[in-house]
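Results of the structural survey
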Amino acid sequence: MKRFATWAGVAGLAVAATLAATTPGSADDSKLEQLKEQGFARLAIANEPPYTAVAADGKVSGAAPDVAREVFKRLGVADVVASISEYGAMIPGLQAGRFDVVTAGLFMKPERCAAVAYSEPVLCDAEAMLVKKGNPKGFKSYEDVAKDTSATIGAPGGGTEEKLALNAGVPRDRVIVVPDGQSGLKMVQDGRIDAYSLPVLSINDLMKKANDPNLEVIAPVQGAPVYCDGAAFNKKDTALRDAFNVELAKMKKSGEFAKIIEPYGFSAAAAMSTTTEKLCSAK
Ligand code: 6CS
C-alpha cells in the first residue's frame, strides 16, 4: 500500500506513520483530539479521477479528498495523507485502523452501511461501460453482458460494478478484476475484455485522456442505480463522523461544497437531494 502526502514531506510521513501506528486506540470522543495532535487524517483513496487522484509528485486531489481536506481543516486537523487501496480492501483497512476515513467515492449500499459509519452524501454518479466504438456486442445493461456467453466485463475488485455484473448473472469467470482505470482502458483497447465498468465520471475522464476514436462510452448503464458516496468512518468513530457532518452541512449551505465538487463534474444538488439514511435503506 503506497502512502502519499499532500503537504507533509516524505520524512514527515515516516514519523506520521509511526505516530499513527503507535498512538494508542482512543475512545470515540477523543479521536478528533488525536487527529488534531497528529496533525493529519489518514485517507484511503483509489486514485480514480475525478473522485480521487495522486499526481506524479504525490499530491493528492480529486473531489472526495478535497472535500475531506477542507472539512478536517475546519475541525482543526491541519492536513490529510492518503494511501491507495483497492475498493474491496478499504473497509477492512478502516476496521483494522490503517486509515482514519475512506474518502474515495465508496458508494453507500446496505452491506457497507452495516460495516462503517458514513457521513452524509458527498459524490453521486450513475454507472457506465467503456466499449469498442460501435458497441459491437450491443451492451446497454449488465444483463446484456450476462446473456452473451462469450462476453467479459472488467471492474474494480470489491467494487460496485463487479457486484452489479455478478448480481446480473455474469458468471465469476467472465467478470475480470481490473486494478485501475488505465489497465481497464488498455484491456478494452487490446480486446482482452469486451467492456470496462466504472461510474460515469470516471469512465468519461479515462475517455478524455485516452483520446481514442476506437472507444465508446455507454452511459448510464440501464437498470443500475445512481449511487452516492459519503466519507466512511470506523463504526467506533461516530463522534468524529458527526463532527464531519456538522462542517459538511455548513459547506453545503454556504456554497463552499458546490465550489469544491462541481469543477470535477459532480452535482452538489444531487448529494443534497438525498440522505445517508435513505441511501443505506435502499433495496
Ligand atoms: O463504490 C464503489 O465500489 C465504486 N466507486 C467508485 C468511485 N469507483 C468504482 C467503485 O467500484
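Position labels on residues start from 1 in each chain and follow its written sequence. Local features in this predicted model are restricted to residues whose pLDDT is 70 or higher, and side-chain atom pairs enter the listing and the counts only when it is 80 or higher, whereas totals over whole chains, interfaces and linings include all residues. The side-chain quantities take in all heavy atoms of the structure and omit both hydrogens and water.

**Regarding the pattern of salt bridges**
Salt bridges are defined as contacts in which a side-chain nitrogen from Lys or Arg sits within 4 Å of a carboxyl oxygen from Asp or Glu. For the coordinates displayed, the defined rule picks out 18 salt bridges. Between K36 and E33 there is a salt bridge, and its shortest N-O distance comes to 3.4 Å. Of this pair, K36 and E33 both sit in helix α2 (residues 31–38), three residues apart, roughly one helical turn. Linked through salt bridges whose partners overlap, the residues forming this network are K31, R42 and D100. Numbering goes from the N terminus for both helices and strands, where a helix is a DSSP run of H or I of at least four residues and a strand is a run of E of at least two.

**Focus on the packing of helix α3 (residues 63–74) against helix α10 (residues 238–254)**
Think of each axis as a best-fit line through the C-alpha atoms, taken over the contacting stretch in the case of a helix, with angles from 0 to 180 degrees between the N-to-C directions. One way to put it is that α3 packs onto α10 with a least axis distance of 9 Å and a crossing angle of 105°. As summarised for this structure, α3 and α10 are arranged roughly perpendicular, according to the angle between their axes. Across the interface between the two elements, V67, A68, E70, V71, F72 and R74 from α3 touch L240, F244, E247, L248 and M251 from α10. A breakdown of the residues in the contact of α3 with α10 according to their chemical character gives eight nonpolar, no polar and three charged. Throughout, the term roughly parallel applies to angles under 35 degrees, roughly antiparallel to angles over 145, roughly perpendicular to angles from 65 to 115, and oblique to all others. Two residues form a contact once any of their heavy atoms are found within 4.5 Å. Side-chain classes are defined by residue name, with Ala, Val, Leu, Ile, Met, Phe, Trp, Tyr, Cys and Pro counting as nonpolar, Asp, Glu, Lys and Arg as charged, and the others, Gly among them, as polar.

**Side note on the site of the ligand**
Neighbouring residues of the ligand: 14 residues in total, closest E48, F107, R112, T160 and E161. Within 3.5 Å is the distance limit for a polar contact, defined as a pair of N or O atoms, with the added protein rule that one can donate a hydrogen and the other accept it, and that residues adjacent in sequence qualify only through two side-chain atoms. A distance of 2.5 Å separates an oxygen atom of the ligand from a polar side-chain atom of E161. Per-residue accessibility takes into account occlusion by the displayed protein chains alone, with areas from the Shrake-Rupley method and a 1.4 Å probe. For the ligand, the protein covers 100% of the area, taking 300 Å² as the surface of the free molecule. Of all the elements in the fold, those that place two or more residues in the shell around the ligand are α7 (160–167) and β12 (195–199). Taken together, the residues of the shell around the ligand sort by class into eight nonpolar, three polar and three charged. Residues are counted as near a molecule or strand when any one of their heavy atoms sits within 4 Å of it.

**Things to note about the side chain of E70**
Its place among the elements puts E70 in helix α3. E70 sits in the buried class, given a relative accessible area of 15%. Sequence-distant contacts of E70, defined by excluding residues within four places in its chain, comprise M251, E256 and I260. Burial classification: accessible surface area is computed with a 1.4 Å probe over protein chains only, and a residue below 20% of its type maximum counts as buried, one above 50% as exposed, and the rest as partly exposed.

**Remarks on the sheet that holds β12**
Following DSSP output, two strands are said to pair if at least two bridges run between them. On the basis of which strands lie adjacent, the open sheet formed by five strands has the order β11-β10-β12-β9-β13 and mixed pairing. Lying at the two open borders of the sheet, with one neighbouring strand each, are β11 (175–177) and β13 (215–218). On average, each strand axis in the sheet is tilted by 30° relative to the strand beside it, whichever way the strands run. Direction of pairing for strand β10 (residues 153–155) relative to β11: parallel, over a ladder of three bridges. Across the sheet, A155 pairs through a bridge with V177, a residue of β11.

**Description of the packing of aromatic side chains**
For Phe, Tyr and Trp, rings pair up if their centres lie within 6.5 Å, where Trp contributes its six-membered ring, and each pair is then called stacked (planes under 30 degrees apart), edge-to-face (over 60) or tilted (otherwise). In total, this model carries five aromatic pairs according to the counting rule given. Note on Y51 and F266: the rings are 4.7 Å apart at their centroids and 75° apart in plane angle, and the pair reads as edge-to-face. Separated by 215 residues along the polypeptide, Y51 in the loop between β2 (40–45) and β3 (53–54) and F266 in the loop between α11 (256–261) and α12 (268–272) bring together distant segments of the chain. Of the two residues, Y51 and F266, neither departs from the other in class, the shared state being buried. With 5.4 Å between their ring centres and 10° between their planes, F107 and Y227 make a pair best called stacked. With F107 in the loop between β6 (101–102) and α5 (110–113) and Y227 in strand β14 (residues 227–228), this pair connects stretches of sequence that are 120 residues apart. Aromatic rings pair up to connect Y51, F107, Y227 and F266 into one cluster. The ring of F257 is capped by K252, whose NZ or CZ atom sits 5.4 Å from the centre of that ring. The criterion is that NZ of a Lys, or CZ of an Arg, lies within 6 Å of the ring centre and within 35 degrees of the ring normal, and then a charge sits over that ring.

What is shown is where atoms sit, not what they do.
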